[in-house]
Structure formats: C-alpha cells, structure tokens
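Structural characterization, general
Residues per chain are reported as follows:
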Amino acid sequence: MAYHQRVGRRIVERIMTFEPISLVLFAVAAGGLFVFFQLTGEVLEGETRAFDETVLLMLRSAEDPGTAIGPFWLSHAMNDITALGGTTVLSLMTVLVTGYLVLARRRKIAIFTFLSVVGGWALSASLKLGVARPRPDIVPHLVEVHDLSFPSGHAMLSAVTYLTLGALLSRAEPGRITRIYTIGVAVLLTFLIGVSRVFLGVHYPTDVLGGWCAGATWALICWLIARRYIAQTPG
C-alpha cells in the first residue's frame, strides 16, 4: 500500500473512533475559529466601527455621554460583575477548582485544567498584541483600563477560565444534572462579564464578541481533548 494511502486510512480510522457528539463539537470549534478570524479581519479593516460606536452611544445618556443609561444600581452592578472577569478573581477560581480536583483525586484533570487556563491566558495576551486595537474613545470609560482592546481580555479570559473550569469540572461529576448546571453557570458568568465591559464603555461590542468566540473555542477544544484522553475515574 502506498504511503499516502496508509496516511489516509489512518486519518479515516481515527475519525471513525470519535463519538457523534465529539464530531459535532469538533465542527463547532472549527466554526468558532473561522468566525473569529473573519471578525478579526473586519475589525482590522475598520468595517465594524459604525456598529461598535452606535451600540456604545445607545448605552449612554443623550445629554451626557459620561452617564450610563438606567438606574444608578445598574452601573454599580456592572462594576461588580466586571470584577468577576479580573485577573485576581480568575486566578483565585482556577487555584480553588484545581485544588478541589486534586483533593477529589482527579489529578490528571486538575493538571490539565490548570494548564488549559494558563494556555488560554497566554493566547489572549498574544492576540491583543497582534491586533493592537486601541480602546474606545467615543464615550468616557466608567472604569480604569490600560491595555489594548481586541479581543476583550475580560470576555476571553472569563470564557477561557469559567468555561474550561466548568467543562472540565463536569468531567468529575457523576450526575447529568450537576454537569449541566456547572456548565450553565459558567456560560452565564461569561455572558454577564462580556456585557458589563460594553456597558462600562471600555470595549467595543466586537471586542467582546471576539473574546467570547476565541475563549469558548479554546474551552471547547480543551474539553474535547479531556473527553478523549482523560478518564473520569480518580487518578
């Protein structure tokens, strides 16, 4: 048998060993990468600027762009929510969940979880430097920021951290309901943190969309690897 035929046969055999759900999720991950690169291209070309600025202005008072719409408590709540995507909180969550998995004798998942989160953070920093998009200047920022804008670090890092932790932590849960609840909480936190960044005027909507897309894709890939190669049993 020719070399290229042997390689092709191995690829087909490898694909056939995947469960249907794994194939579907693999396709979703591939789609996520495609959408992220398409969005990045449009951002670099400036094609999203009109949409981004329109959304930011909609969230501010027409008389005073420095004042967010809605009651005072809403701005206060958004400040509290955005802190959940900060480096301190995410680092603490990662350490605590990793420690739980170690104590639960899920050492392989614990190590893989920690490395997955750290790898996602490194990817986020690299993407920010590569795109180098400045922060929005059309409305005043309601919180202090210093780094670059695309993709949103809070959106991507919360997706990387919460979705990765939720997905891999669910690997250690025996019950289906608890697994769904764990992942559902992770999705909710990721969504709220991303929305808070736009509300506070420190990110364009496309920054957050890019962060969600990249972070969720990373978490999904990590979950697929864990599902394929890391056993659920203690060890």
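Predicted, not measured: the structure shown is a model, and the values here were computed from it. Residue indices follow the written sequence of each chain, beginning from 1 at its first position. Two thresholds apply to this predicted model, a pLDDT of at least 70 for residue-level local features and 80 or more for giving and counting side-chain atom pairs, whereas whole-chain, interface and lining totals are computed over all residues. Excluding hydrogens and water, the side-chain figures rest on all heavy atoms present in the structure.

Before going further, it helps to spend a moment on the overall build of the protein chain. A tally of helices and strands in the protein chain yields nine helices and zero strands. For the protein chain, the succession of helices and strands along the chain, N to C, is α-α-α-α-α-α-α-α-α. The contact definition used throughout considers only heavy atoms, calling two residues in contact when any of these lie within 4.5 Å. For the protein chain, restricting intrachain contacts to residue pairs at least 6 apart in sequence, the fraction spanning at least 24 positions comes to 80%. Each accessible area is a Shrake-Rupley result for a 1.4 Å probe, and residues are judged covered by the shown protein chains and nothing else. Per element, the accessible surface of the protein chain, about 12900 Å² overall, is 70% carbon and sulfur. A run of H or I in DSSP becomes a helix once it reaches four residues, and a run of E becomes a strand once it reaches two; helices and strands are each numbered from the N terminus.

All right, on to unusual backbone geometry then. Between Phe150 and Pro151 the backbone carries a cis peptide bond, its omega angle lying at -10°. Position of Pro151 relative to the elements: it lies in the loop between helix H6 (107–131) and helix H7 (153–170). Located in the positive-phi region is Ala132, a residue other than glycine, with phi close to 55°. Positionally, Ala132 belongs in the loop between H6 and H7. Relative accessibility decides the category of a residue: with a 1.4 Å probe and only protein chains considered, values under 20% of the type maximum give buried, values over 50% give exposed, and everything between is partly exposed. Here Ala132 falls in the partly exposed class, since its relative accessible area comes to 39%.

Turning our attention to H6. A rise of 1.5 Å per residue sets the reference length of H6, with its 25 residues, at 36 Å; its end C-alpha atoms lie 36 Å apart and thus fit the reference within 8%. Inspection of H6 places Ile109, Ala110, Phe112, Thr113, Ser116, Val117, Gly120, Ser124, Leu127, Lys128 and Val131 among the buried residues, and these make up the whole buried set. Ala132 sits one or two positions beyond H6 and adopts a positive phi of about 55°. Between the first and last residue of a helix there are one fewer steps than residues, each counted as 1.5 Å, and that sum is the expected span.

On to the confidence of the model for the protein chain. Of all residues in the protein chain, 82% have pLDDT values of 70 or greater, and the mean over the chain is 80. Within the protein chain, no element has a lower average pLDDT than helix H1 (residues 3–16), which sits at 51, and none a higher one than helix H4 (residues 72–83), at 90. pLDDT is a residue-level measure of predictor confidence that goes from 0 to 100. Within the model, the stretch residues 11–20 combines pLDDT values under 50 with seven contacts to residues more than four positions away or in other chains.

This part takes up helix H3 (residues 49–58). When we look at burial in H3, the residues that qualify are Asp52, Glu53 and Leu56. Buried residues of H3, seen end-on, are gathered within an arc of 90° and therefore sit on one face of the element. Opposite the buried face of H3, at more than 90 degrees from it, the exposed residues are Ala50 and Met58. Residues of H3 that are buried in the fold lie against helix H8 (176–199) and helix H9 (205–229). Directions drawn from the helix axis to the C-beta atoms are what define this arc.

With that settled, the discussion passes to the nonpolar core. Considering soluble globular proteins, one finds that nonpolar side chains tend to be buried as a cluster. Working definition of a nonpolar core: buried Ala, Val, Leu, Ile, Met, Phe, Trp, Tyr and Cys residues. They are joined through side-chain atoms within 4.5 Å. Within the largest apolar cluster, 10 residues are counted, these being Phe36, Leu39, Val43, Leu127, Val131, Phe150, Met156, Val160, Cys213 and Ala214. With three residues, the single largest contributor to this core is helix H2 (residues 20–44). In contact with Phe36, not counting residues within four places along its chain, are Leu127, Phe150, Pro151, Gly210, Cys213 and Ala214.

Whenever Lys or Arg places a side-chain nitrogen within 4 Å of a carboxyl oxygen from Asp or Glu, that contact is recorded as a salt bridge. Under the counting rule described, the total for this entry stands at four salt bridges. Where Arg49 meets Asp137, a salt bridge forms, and the shortest distance between an N and an O atom there is 4.0 Å. Residue Arg49 is found in helix H3, and its partner Asp137 is found in the loop between H6 and H7; the two are separated by 88 residues along the sequence. Residue classification places Arg49 among the partly exposed residues on the basis of a relative accessible area of 38%. Among the residues examined, Asp137 registers a relative accessible area of 61% and is labelled exposed. Ionic pairing is found between Arg133 and Asp207, a salt bridge with its closest N-O pair at 2.7 Å.

What follows covers the packing of aromatic side chains. Working definition: rings of Phe, Tyr and Trp (its six-membered ring) pair if their centres are within 6.5 Å, and the pair is stacked with planes under 30 degrees apart, edge-to-face with planes over 60 apart, and tilted otherwise. Evaluated as defined, the whole model comprises three aromatic pairs. With a centroid separation of 5.6 Å and an interplanar angle of 20°, the aromatic rings of Phe191 and Trp212 are classed as stacked. Here the residue Phe191 occupies a position in helix H8, and Trp212 occupies one in helix H9, the gap between them amounting to 21 residues. Given the relative accessible area of 44%, Phe191 is considered partly exposed. Using a relative accessible area of 22% as the deciding quantity, one classes Trp212 as partly exposed.

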